[in-house]
Amino acid sequence: MAASNAGTMEKRGSLKTTDSFRTENVPETGPLAIIVLGASGDLAKKKTFPALFNLYRQGFLQSDEVAIFGYARTKLSDDELRDRIRGYLSHGKDNTEDLTKFLQLIKYVSGAYDAEEGFRALDKAIAEHEASKLSPGESPRRLFYLALPPSVYPSVCKMIKFYCTPKADLGGWMRVVVEKPFGKDLASAEELSSQIGALFDEPQIYRIDHYLGKELVQNLLVLRFANRFFLPLWNRDHIDNVQIVFREDFGTEGRGGYFDQYGIIRDIIQNHLLQVFCLLAMEKPVSIKPEHIRDEKVKVLQSVLPIKDEDVVLGQYDGYTEDPTVPDNSNTPTFASVILRIHNERWEGVPFILKAGKALNSRKADVRIQFKEVPGDIFKCQKQGRNEFVIRLQPSEAMYMKLTVS
Ligand SMILES: NC(=O)C1=CN([C@@H]2O[C@H](COP(=O)(O)OP(=O)(O)OC[C@H]3O[C@@H](n4cnc5c(N)ncnc54)[C@H](OP(=O)(O)O)[C@@H]3O)[C@@H](O)[C@H]2O)C=CC1
Ligand SMILES: O=C1O[C@H](COP(=O)(O)O)[C@@H](O)[C@H](O)[C@H]1O
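Reading the values: rules and limits
- Residues numbered from 1 in each chain as written.
- Chains lettered and ligands numbered in written order.
- Predicted model: local features only at pLDDT ≥ 70, side-chain atom pairs only at ≥ 80, totals over all residues.
- Heavy atoms only, no water.
- UniProt positions renumbered as here; feature names shortened; annotations may be inferred.
- Domains from an automatic or database assignment.
- Salt bridge = Lys/Arg side-chain N within 4 Å of Asp/Glu carboxyl O.
- Helix = DSSP H or I, 4+ residues; strand = E, 2+ residues; numbered from the N terminus.
- Buried < 20%, exposed > 50% of the residue type's maximum accessible area, 1.4 Å probe, protein only.
- Near = heavy atom within 4 Å.
- Polar contact = N/O pair within 3.5 Å; in protein donor to acceptor, adjacent residues only side chain to side chain.
- Areas by Shrake-Rupley, 256 points an atom, 1.4 Å probe, with all protein chains shown as cover.
- Nonpolar A, V, L, I, M, F, W, Y, C, P; charged D, E, K, R; others polar.
- Pairing = 2+ DSSP bridges.
- Axes fitted to C-alpha atoms, helices over the stretch in contact; angles between N-to-C directions.
- Arc of directions from axis to C-beta.
- Contact = heavy atoms within 4.5 Å.
- Left-handed = near helix turned anticlockwise from the far one by under 90°.
- Phe/Tyr/Trp six-rings, centres within 6.5 Å; stacked < 30°, edge-to-face > 60°.
- Lys NZ or Arg CZ within 6 Å of the ring centre and 35° of its normal.

You'll find the protein chain entered in an unreviewed UniProt entry as Glucose-6-phosphate 1-dehydrogenase, with Oldenlandia corymbosa var. corymbosa given as the organism. According to the UniProt record, the Pathway (unreviewed entry) comment for the protein chain reads "Carbohydrate degradation; pentose phosphate pathway; D-ribulose 5-phosphate from D-glucose 6-phosphate (oxidative stage): step 1/3." As its UniProt record puts it under Sequence similarities (unreviewed entry), the protein chain is described as follows: "Belongs to the glucose-6-phosphate dehydrogenase family."

Chemist: With reference to specific residues and values, describe the domain arrangement of the protein chain.
Modeler: With domains assigned, the protein chain is organised as domain 1 (7-208) and domain 2 (215-402). The C-alpha centroid of domain 2 is placed 31 Å from the C-alpha centroid of domain 1.

Chemist: Please give an account of the pattern of salt bridges that cites residues and values.
Modeler: In total, this model carries 21 salt bridges according to the counting rule given. A salt bridge links Glu97 to Lys101, with the shortest nitrogen-to-oxygen separation between them at 3.2 Å. On the criterion of helical spacing, the pair formed by Glu97 and Lys101 is a turn pair, its members being 4 residues apart in helix 3 (residues 96-104). Glu97 gets classed as exposed once you look at its relative accessible area, which sits at 54%. Across the salt bridge formed by Lys299 and Glu296, the nearest N and O atoms sit 3.1 Å from each other.

Chemist: Quick rundown of the site of ligand 1? Include the residues and the values.
Modeler: Around ligand 1 there are 24 residues in total, and Ser40, Thr74, Tyr113, Lys180 and Arg255 lie nearest to it. Asp42 places a polar side-chain atom, nitrogen or oxygen, 2.7 Å from a nitrogen atom of ligand 1. For ligand 1, an oxygen atom lies 3.2 Å from a polar atom in the backbone of Leu148. Protein contacts shield 87% of the accessible area of ligand 1, which totals 870 Å² for the unbound molecule. When residues of the shell around ligand 1 are assigned to their parent elements, the largest contribution, 4 residues, is made by helix 9 (residues 256-281). Considered class by class, the residues forming the shell around ligand 1 number 11 nonpolar, 6 polar and 7 charged.

Chemist: Summarise the sheet that holds strand 11 (residues 364-371); cite the residues concerned and give the values.
Modeler: Whenever strands of a sheet pair, they do so through backbone hydrogen bonds, lying parallel or antiparallel. One open sheet accounts for 7 strands, arranged 8-9-10-7-11-12-13; its pairing is mixed. Two strands bound the open sheet, and with one partner strand each, they are strand 8 (312-315) and strand 13 (398-402). When the angles between neighbouring strand axes are averaged without regard to direction, this sheet yields 15°. Across 7 bridges, strand 9 (residues 335-341) lies against strand 10 (residues 351-357) in antiparallel orientation. The partner of Arg341 across the bridge, within strand 10, is Pro351.

Chemist: So what's going on with helix 2 (residues 78-86)? Which residues, and what values?
Modeler: Every buried residue of helix 2 is listed here: Leu81, Arg82 and Ile85. Along helix 2, the residues classed as buried sweep out an arc of 100° about the axis, all on the same side. Buried residues in helix 2 make contact with helix 1 (42-57), strand 2 (66-72), helix 3 and strand 3 (106-110).

Chemist: Help me get a handle on the site of ligand 2, residues and values and all.
Modeler: Close to ligand 2 lie 14 residues; Lys180, Tyr211, Lys214, Glu248 and Asp267 are nearest. One nitrogen or oxygen atom from the side chain of Lys180 is found 2.7 Å from an oxygen atom belonging to ligand 2. Arg255 has a polar side-chain atom sitting 2.7 Å from an oxygen atom of ligand 2. Starting from 390 Å² of accessible surface for ligand 2 in isolation, the protein chains cover 91%. By residue class, the composition of the shell around ligand 2 is 3 nonpolar, 3 polar and 8 charged.

Chemist: I'd like a description of the packing of helix 1 against helix 3, backed by residues and values.
Modeler: Following both chains from N to C, one finds helix 1 and helix 3 inclined at 115°, their axes separated by 10 Å at the closest point. Crossing angle aside, the handedness with which helix 1 passes helix 3 is right-handed. Along its contact with helix 1, which presents Phe49, Leu52, Phe53, Tyr56 and Arg57, the element helix 3 presents Asp98, Leu99, Lys101 and Phe102. A class-by-class count of the residues in the contact of helix 1 with helix 3 yields 6 nonpolar, no polar and 3 charged.

Chemist: I'd like a description of the sheet that holds strand 6 (residues 205-207), backed by residues and values.
Modeler: The strand order across the open sheet formed by 6 strands is 3-2-1-4-5-6, and the pairing between neighbours is parallel. Each edge of the sheet is formed by a strand with only one pairing partner; in this case those strands are strand 3 and strand 6. In this sheet, adjacent strand axes meet at a mean angle of 20° when their direction is disregarded. Relative to strand 3, strand 2 is paired through 5 bridges, and the arrangement is parallel. Across the sheet, residue Tyr71 finds its bridge partner in strand 3, namely Val109. Sheet strands in contact with helix 4 (residues 116-133) are strand 1 (32-37), strand 2, strand 3 and strand 4 (141-146), and its direction is about 170° off that of strand 2.

Chemist: Let's hear about the packing of aromatic side chains: which residues, and what values?
Modeler: Inspection of the entire model under this criterion finds 13 aromatic pairs. Summarising the aromatic geometry, the rings of Tyr258 and Tyr262 are spaced 5.2 Å apart at their centres and angled 25° between planes, so their arrangement reads as stacked. Residue Tyr258 and its partner Tyr262 are located together in helix 9, separated by 4 residues, close to a single helical turn. Summarising the aromatic geometry, the rings of Tyr317 and Tyr320 are spaced 5.6 Å apart at their centres and angled 80° between planes, so their arrangement reads as edge-to-face. Given the relative accessible area of 0%, Tyr320 is considered buried. One aromatic cluster in this structure is built from Phe229, Phe230, Trp234 and Phe389. Across the ring face of Trp173, the terminal group of Arg175 is positioned such that the distance to the ring centre comes to 3.7 Å.

Quick look at the structure:
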């Protein structure tokens, strides 16, 4: 997935590309090293390693080319890391052999995020893998995945640039994947952008929002713009309000080191829900090129009015500060509800209600588009509730309409 964070109108094509590690027209053969930084953490075990395992099972990662390196401060052996993630790699009875082989591809290096020593050890381990797999005419490829809090991205990026860049004469490529949240506010996001931009060319940087990979999120533009049915209804004349809701039935579970510094707005609303919001509210892009989609997202974001205090509710679940990784006096919100109001011809007067919460009574993410009442109703339909179009992103993806019938 290419850079997707809306926020500036800067075109990827206009960004500098000076580095010797280009991502275009380079051979896609040769040893591939995937390095998961923050490998001891929640994202790594719940999503990154399982995603890599699925790629492996589907034949996209070949044992004779690939090695996966975990890196974090926690002291672990290779086997201890494998044991931590094993339970998260779903496999049927028939895939036990695949699982065993996949786990053997994983090695672990422990080190700090701002010290040369650990990154030199990591580079050495990667170079050994490359030397054992490189054939004439091939080039090494290195993919660094930062499953880490953004506060450490700048130092980690510096370390991998200085100590883990493959030798230029070998060719190949080096790419960096960074997770959301991208900074804490506009100033820190811009600073982060310039810090990472000073080290890597734009095509080497991949900013990830995994909600964009969810089946029904990927379908939102198709749904809106390839179905005549919705075109006339998708506006203030027919829609009363839109709700985009994320609920989780578990709390921080030891992730306080990351979560408490950011809170639910930066963890979920500013990225995942805002991406969904953009796809629901934006105008039709000129084409489905990423740049055109991004430009329309930026336009709708620029039409959002400043948020009023009375349109925000914050909360913290009981027991949050009992997590040993959370400071006892934390007032970080674990629940937030925010109303966005768009000042444009399509949406003036239609509230977009974005809600997210941890440790609630269910795990669900959905979009509810509530329609206005039928004018001149002769059936007293109000009692049955309004028409509603629901897009359930998870679990069990679904789209359904609530209609009134007698
Ligand atoms: N968890 C999830 O489902 C998802 C998370 N993300 C994103 O992934 C990133 C990491 O999140 P997640 O894995 O959940 O968080 P964790 O709290 O599990 O942090 C990951 C690892 O980073 C290290 N770490 C934690 N806090 C700090 C700190 N303050 N300073 C330096 N290192 C620290 C720890 O490793 P060690 O101490 O061993 O070095 C930890 O194992 C975040 O940006 C988050 O937004 C994105 C999508 C989903
Ligand atoms: O980005 C994050 O997402 C997960 C929820 O992802 P989902 O795909 O399981 O809905 C959330 O638990 C985590 O706090 C957050 O960082």
